[in-house]
Amino acid sequence: MNLPPVIAIDGPTASGKGTVAFLVAQKLGFHYLDSGALYRLVALASEKQGIDVNNGPALGELAENLQISFKDGEIFLGGEDVTEAIRTEANGLRASNVATQPEVRGALVGLQRSFRQKPGLVADGRDMGSIIFPDAKLKVFLTASAPARAERRYKQLIAKGISARLEDLLQDLVERDARDSNRGASPLVLAKGAQVLETSDLSIDQAVQTVLDWYHSTSA
Ligand code: DC
């Protein structure tokens, strides 16, 4: 069976992988999967339902039955537009917690793989190249230094009119990196065959172009 090609872009929080993955997908006319959004949706839904972040079985069942839909870049949970609500720092931290539960990860595997449609998919997350799409045509590990990532997040929040302290953001990000990298279930790791893209000193356009060049050289 000839499955559509996948470009897997993994990396730590605030590395810019979401923006880069989205733009690469646009350039190639591929579908785009923001897998972090799925963990963020489980986090938000579990909070609404009062489910504890350590209750793996209940979270797994919730993840299995999520009523989600994507429309024109907006995300709906049971009919409610939660595009903004899932992006808060607090919900991101909660997502990092629920994502440690193997039941949650298992419940989301099929949904993530269903995004692999013609003509191809760009998927971003933590385990796209290692677990979800181990046969990806190109695997990128996109990263930047912790201070560079904290500064990017700070600028994004300020641009949105949300007040933030750089020191707090840096501390949250270091904690989140540690949890995402040290958990037992599908930790953030450098997938076998992944190419590292260090973006601390790269513009978004340069990062996008590098991924496109790498992809074209795998297809050549
Ligand atoms: O990429 P993000 O910041 O939106 O992801 C939110 C959290 O979800 C992140 O801290 C860890 C988790 N996550 C994961 O465990 N596996 C993925 N493939 C994507 C995200």
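None of these values were measured; they are calculated from a predicted model. (Residues numbered from 1 in each chain as written. Predicted model: local features only at pLDDT ≥ 70, side-chain atom pairs only at ≥ 80, totals over all residues. Heavy atoms only, no water.)

Engineer: Outline the site of the ligand, supporting the account with residue identities and numerical values.
Structural biologist: If you check the shell around the ligand, you find 17 residues, and the closest are R40, R105, R126, D127 and R183. Here an oxygen atom of the ligand and a side-chain polar atom of R105 are 2.8 Å apart. R183 is positioned such that a nitrogen or oxygen atom in its side chain is 2.9 Å from an oxygen atom of the ligand. About the coverage of the ligand: the protein hides 97% of its 450 Å² of free accessible area. Counting residues per element, the ones that place at least two in the shell around the ligand are α2 (35-48), α4 (89-98) and α8 (166-182). Top contributing element to the shell around the ligand by residue count: α2, with four residues. For the shell around the ligand, a count of residues per class yields four nonpolar, five polar and eight charged. (Near = heavy atom within 4 Å. Polar contact = N/O pair within 3.5 Å; in protein donor to acceptor, adjacent residues only side chain to side chain. Areas by Shrake-Rupley, 256 points an atom, 1.4 Å probe, with all protein chains shown as cover. Helix = DSSP H or I, 4+ residues; strand = E, 2+ residues; numbered from the N terminus. Nonpolar A, V, L, I, M, F, W, Y, C, P; charged D, E, K, R; others polar.)

Engineer: Let's hear about the packing of aromatic side chains: which residues, and what values?
Structural biologist: Under the counting rule described, the total for this entry stands at three aromatic pairs. Geometrically, the ring pair formed by F22 and Y32 is edge-to-face, given 5.6 Å between the ring centres and 80 degrees between the ring planes. In this pair, F22 sits in helix α1 (residues 17-28) while Y32 sits in strand β2 (residues 31-34), placing the two residues 10 residues apart along the sequence. With relative accessibility at 23%, the residue Y32 sits in the partly exposed group. With a centroid separation of 6.0 Å and an interplanar angle of 85 degrees, the aromatic rings of F30 and Y215 are classed as edge-to-face. Within this pair, whereas F30 is found in the loop between α1 and β2, its partner Y215 is found in helix α9 (residues 204-219), the two being separated by 185 residues in sequence. Assigned by exposure class, F30 and Y215 land together as buried. We note K71 situated over the ring of F76; from NZ or CZ to the ring centre the distance is 4.6 Å. (Phe/Tyr/Trp six-rings, centres within 6.5 Å; stacked < 30°, edge-to-face > 60°. Buried < 20%, exposed > 50% of the residue type's maximum accessible area, 1.4 Å probe, protein only. Lys NZ or Arg CZ within 6 Å of the ring centre and 35° of its normal.)

Engineer: I'd like a description of the sheet that holds β2, backed by residues and values.
Structural biologist: Strand order in the open sheet made by the five strands is β2-β6-β1-β7-β8, with parallel pairing throughout. Each having just a single partner strand, β2 and β8 (195-198) make up the two edges of the open sheet. The mean angle between the axes of side-by-side strands here comes to 20 degrees, regardless of whether they run parallel or antiparallel. Across four bridges, strand β1 (residues 6-10) lies against strand β7 (residues 138-143) in parallel orientation. (Pairing = 2+ DSSP bridges. Axes fitted to C-alpha atoms, helices over the stretch in contact; angles between N-to-C directions.)

Engineer: I'd love a proper account of the side chain of K139, names of residues and values included.
Structural biologist: Its location among the elements puts K139 in strand β7. For the buried K139, which has no salt bridge, the nearest side chain bearing the opposite charge is D135, at an N-O separation of 7.4 Å. Only 3.1 Å separates the side chain of K139 from the backbone oxygen of G129, close enough to count as a polar contact. When residues no more than four places from it in sequence are discounted, the contact partners of K139 are A8, G129, F133, P134, A191, K192, G193, A194 and Q195. (Lys, Arg positive; Asp, Glu negative; His and termini not counted. Salt bridge = Lys/Arg side-chain N within 4 Å of Asp/Glu carboxyl O. Contact = heavy atoms within 4.5 Å.)

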